[in-house]
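# An overview of the molecular structure
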Amino acid sequence: MLVLTPSPTALRFSFSPKGAREKEFLVKETPMPSFVSRTFRILHRVGPLVGLPVGLLTLASCLFWSRGRVSAQGSEEIPFCKHTIDLGQSEAAEVADVNQDGKLDIISGDNWYEQTLPGKDGPRWIKHHFRDLPFTDGYLEDLGDLAIDVNGDGYPDVVTSSYWTTPLAWWENPGKSNKPWVKHVIETRSPVEFSFLVDILNTGKPQQLLPQFGDTSFPLTWYEIEGKGKDVHWVGHEVSPRSYGHGIGAGDVKGDGRTDIITPKGWFEAPPDSRHGEWVFHPEFDLGDTGFIYTMDVNGDGLPDLVTTLAHDYGIFWYEQKKDAQGNRTWVKHVIDNAWSQAHALTVADLKGDGKPVLVTGKRYYAHEHDKGANEPLGLYWYERVQTESGLQWRRHIIDYSTRTGGGMQVCVVDIDNDGDLDIIVGGKTGLFLFENLTKGRSAPQPEVILAPGGEPR
């Protein structure tokens, strides 16, 4: 029996004539030898009687395989070293220089983690317990943390979203005073599943707060900071008298340089005056129960497209914006990946450092226990666009799979160790993890593989 298994790096053959012991052969593909030399190598090893049919099948399969290869294969894998920071439960992960010592720290759940001098195995952390959050229905009441200096004292404070006791609040960083962190309520009238810091005022700085309200009867509202010091407070600006379901995003949909607001049921066109002008609603699509929604010119045609995920179902998608001669806008749905579910959080980042943004996302552990695919393996992935002979495609790169690490409610992509490449930090019900990018930093020990005596096939 002949079994042929192609992979990106090798072709593996298993051959077992009736009554004989199975032999397995591995033909490496890099650098890819000629089809003829590969066939004769097999003939030489197994003899003409067995090798001839195997070699011919090899030649035929290689011809077919080569023909199916595309001109652009995408990037090489990025080497990551996984660090377990805390096995405690949380859904959030944010990065900021909490104590202003020049090193980035991590905020997640009840704690913040101070980055200290690195050891031989990478970054090291000091755990600081700074608040006590309730635990409700299997969730820690922290569905997202956003770092922003609210009161203007130079220290990052933390805006926290929750579906339960306090839907939206900011926690005041005490700075050098060593006093307890102080909680300030922003909004209590609707549950908040997650929030964005966005640039609604088009200043180039994402300093306005855009929540996704769980109550669709609550007005769609964005918030900005007014005042400083003890007089600081958040002011809400109503966009619509209702909200539009699970999912929220912001970006320049129209291409006029203004930040529009995107909901699963359509998008709101930003007026010249974001505070006092009328936001015009365009009910042009129905995206479903999404997570974060981004604008991104995916196909390079000059029109902003949408990229999003289904938070409680299968699917990562992009929606292609099209316009006819009269300027009428339509949207075409394209599947990026629907092999796994519960991609609740999505981040767009230049992970490769080449100016071409990629998508970073992961499966959230039990977003709901009854969600489709809820009991399937967790994973963390990044996706890049590749141009093939058949058109635009997306290549999935696996960062981590089938461990206790998923995407949680936030996927933070930042150069946390200041070595020139982007790292990934994720939280969730299964713990808090750092994936250290080794592209430009230190070199982690790599396993050495040595062929055992007699292991070479003859």
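Below: a short report on this structure. What you see is a predicted model, and the numbers here were worked out from it, not measured in a lab.

## Examining the layout of surface pockets
In this structure, the largest pocket encloses a volume near 710 Å³. Taken together, 31 residues make up the lining of the largest pocket; nearest its centre are Leu146, Phe196, Leu197, Tyr294 and Thr347. For the lining of the largest pocket, the elements supplying multiple residues, two or more each, are strand E5 (94–96), strand E11 (145–148), strand E15 (192–198), strand E19 (248–251), strand E23 (290–296), strand E27 (346–349) and strand E31 (411–414). Among the elements that take part in the lining of the largest pocket, E15 stands out by supplying five residues, more than any other. The residue makeup of the lining of the largest pocket, split by class, is 21 nonpolar, seven polar and three charged.

## Observations regarding the pattern of salt bridges
All chains considered together, the criterion is met by 20 salt bridges. The residue Asp400 makes a salt bridge to Lys82 at a minimum N-O spacing of 3.4 Å. In this pair, Asp400 is assigned in strand E30 (residues 391–401) and Lys82 in strand E4 (residues 80–86), connecting sequence segments 318 residues apart. Classification of Asp400 as buried rests on a relative accessible area of 11%. Note on Lys82: relative accessible area 31%, which makes it partly exposed. In this structure, the salt-bridge partner of Lys352 is Glu384, at a minimum N-O distance of 2.9 Å.

## Some points on the sheet that holds E4
Strand pairing in a sheet relies on backbone hydrogen bonds. The paired strands run either parallel or antiparallel. An order of E4-E33-E32-E31 is seen for the four strands of this open sheet, with the pairing classed as antiparallel. Either end of the sheet is taken by a strand with one partner, and the two such strands are E4 and E31. Looking at each pair of strands side by side, their axes are set apart by 20 degrees on average, direction ignored. Sheet analysis places E4 next to strand E33 (residues 432–437), joined by six bridges and oriented antiparallel. Among the inter-strand pairings, Thr84 is bridged to a residue of E33, identified as Phe433.

Reading the values: rules and limits
- Residues numbered from 1 in each chain as written.
- Predicted model: local features only at pLDDT ≥ 70, side-chain atom pairs only at ≥ 80, totals over all residues.
- Heavy atoms only, no water.
- 1 Å grid on protein atoms, 1.4 Å probe; cavity = no way out; pocket = protein on both sides within 12 Å on 5 of 7 lines; lining within 4 Å.
- Points joined across faces, edges and corners; volume = space filled by probe spheres on them.
- Helix = DSSP H or I, 4+ residues; strand = E, 2+ residues; numbered from the N terminus.
- Nonpolar A, V, L, I, M, F, W, Y, C, P; charged D, E, K, R; others polar.
- Salt bridge = Lys/Arg side-chain N within 4 Å of Asp/Glu carboxyl O.
- Buried < 20%, exposed > 50% of the residue type's maximum accessible area, 1.4 Å probe, protein only.
- Pairing = 2+ DSSP bridges.
- Axes fitted to C-alpha atoms, helices over the stretch in contact; angles between N-to-C directions.

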